[in-house]
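# Working through the structure, step by step
Listed below are the residues making up each chain.
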Amino acid sequence: MTIRVTIADDQAVVRAGIAAIIDAEPDLCVVGQAADGEAAVELALSLRPDVVLMDIRMPGAGGLAATATITAHNPATRVLVLTTFDLDEYLFAALRAGAAGFLLKDAEPERVIDAVRVVEAGAALLDPAVTRRLIDRFAEGPDLFDAVRLDRLTPRETEVLRQVARGLSNTEIAAALGISAPTVKDHVSAILGKLGVRNRVQATIAAYETGLVRPGAP
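Rules and cut-offs
- Residue indices follow the written sequence of each chain, beginning from 1 at its first position.
- Reporting in this predicted model follows two pLDDT cut-offs: at least 70 for local features of residues, and 80 or more for side-chain atom pairs to be given and counted; totals over whole chains, interfaces and linings ignore these cut-offs and use all residues.
- The side-chain quantities take in all heavy atoms of the structure and omit both hydrogens and water.
- Elements are defined by DSSP. Helices are runs of H or I of four residues or more, strands are runs of E of two residues or more, and each kind is numbered from the N terminus.
- The cut-offs for exposure are 20% and 50% of the maximum accessible area for each residue type, with area from a 1.4 Å probe on protein chains only; residues under the lower value are buried, those over the upper are exposed, and the others partly exposed.
- In this analysis, two residues are considered to be in contact whenever any of their non-hydrogen atoms come within 4.5 Å of each other.
- For every accessible area listed, the method is Shrake-Rupley and the probe measures 1.4 Å; residues are considered covered only by the protein chains on display.
- To estimate how far a helix should extend, the number of its residues minus one is multiplied by 1.5 Å.
- Think of it as the arc spanned by the lines of direction from the helix axis to the C-beta atoms.
- In the cavity and pocket records, a cavity denotes points on a 1 Å grid over the protein atoms alone where a 1.4 Å probe fits but cannot get out, a pocket denotes an open set with protein on both sides within 12 Å along at least 5 of 7 lines, and lining residues are residues with an atom within 4 Å of a point.
- Grid points are joined across faces, edges and corners, and a volume is the space filled by probe spheres set on the points.
- Here a salt bridge means any side-chain nitrogen of Lys or Arg lying within 4 Å of a carboxyl oxygen belonging to Asp or Glu.
- What is meant by a nonpolar core is a set of buried Ala, Val, Leu, Ile, Met, Phe, Trp, Tyr and Cys residues, joined one to another through side-chain atoms within 4.5 Å.

### Considerations on the overall build of the chain
- Across its full length, the chain holds 10 helices and 6 strands.
- Within the span of the chain, comprising 218 residues, buried residues form 47% of the whole.
- Long-range pairs, those at least 24 residues apart, make up 66% of the contacts in the chain with a sequence separation of at least 6.
- As displayed, the chain offers around 10000 Å² of accessible surface, 56% of which is attributable to carbon and sulfur atoms.

Below you can see the structure in the form of structure tokens.
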């Protein structure tokens, strides 16, 4: 199966370079390019690509607003933010907007290719350069007012969320809890719905924000 990709970046040279990298892979194909947030949304909603490579700073609404719109209207499309700007506020805003991954543009081409495949498969991906800061952010302490969301989960769903927040795949969670992978998938879907989040990244953020999982805890 070919993974269909659109690219949103206001620099034509950057778009062309990324497209060349993507199109060189037999299982990847660039189906559209956009120079601003509004065009990125139009492409995503009309072409329904598997993955959108999204810059943040673009004319108009920009990449963050475009990400939120795309993930709200077409959850099957995965947004991978690819940006020059290594700023905490962009990282957190992108993840809250529904992005499935966050990479810096200085990443090696192979890393970008792998990231497209990872997020298309339903997993989350963060650039190693920003992962440490994300953990440190939640080490400051949970937002207790938000913990009420956890009351909606069953005991089994709560345990599955713990494993999701620790980065385990469905197969790994199934092995750890002694249940089947399809059952884990059903639990994850229920968790996303009950917490009102769009993907595993946002579920992980919720787990840390509510104190269900703490950085460094076994």
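### What about helix H9 (residues 181-195)?
- Its 15 residues place the ends of H9 21 Å apart at the C-alpha level, agreeing with the 21 Å of an ideal helix rising 1.5 Å per residue.
- Every buried residue belonging to H9 is among Val184, His187, Val188, Ile191, Leu192 and Leu195, and all of these are buried. Seen end-on, H9 carries its buried residues on one side only, within an arc spanning 140 degrees. Away from its buried face, by an angle of more than 90 degrees, H9 presents the exposed residues Pro182, Lys185, Asp186 and Gly193.
- Buried residues along H9 sit in contact with helix H7 (155-165), helix H8 (170-177) and helix H10 (200-209).

### Details of empty space enclosed by the protein
- Enumeration according to the criterion identifies 1 cavity of 30 Å³ or more in this entry.
- What the largest cavity holds in volume is close to 30 Å³.

### Concerning the pattern of salt bridges
- Summed over all chains, the structure comprises 7 salt bridges.
- Residue aspartate 27 pairs with arginine 117 through a salt bridge whose shortest N-O separation is 2.8 Å. Of the two residues, aspartate 27 sits in the loop between helix H1 (12-23) and strand S2 (28-34) while arginine 117 sits in helix H5 (residues 109-120), which places them 90 residues apart along the sequence.
- The partner of lysine 105 in a salt bridge is aspartate 55, with the nearest N and O atoms 3.6 Å apart. Residue lysine 105 is found in the loop between strand S5 (101-104) and H5, and its partner aspartate 55 is found in the loop between strand S3 (51-54) and helix H3 (62-73); the two are separated by 50 residues along the sequence.
- A cluster of three or more residues bridged by salt bridges with shared partners is formed by Glu25, Asp27, Asp114 and Arg117.

### Looking at the nonpolar core
- Residues Ala8, Val52, Met54, Ile70, Val79, Val81 and Phe102 are the most contacted members of the largest nonpolar core, which totals 24 residues.
- Listing elements by their share of this core, those giving two or more residues are helix H2 (37-47), S3, H3, strand S4 (78-83), helix H4 (88-97), S5 and H10.
- In terms of residue count, H4 provides more of this core than any other element does, 5 residues in total.
- In this structure valine 81 touches Met54, Ile56, Ala94, Ala99, Gly101, Phe102 and Leu103, once residues within four positions along its chain are discounted.

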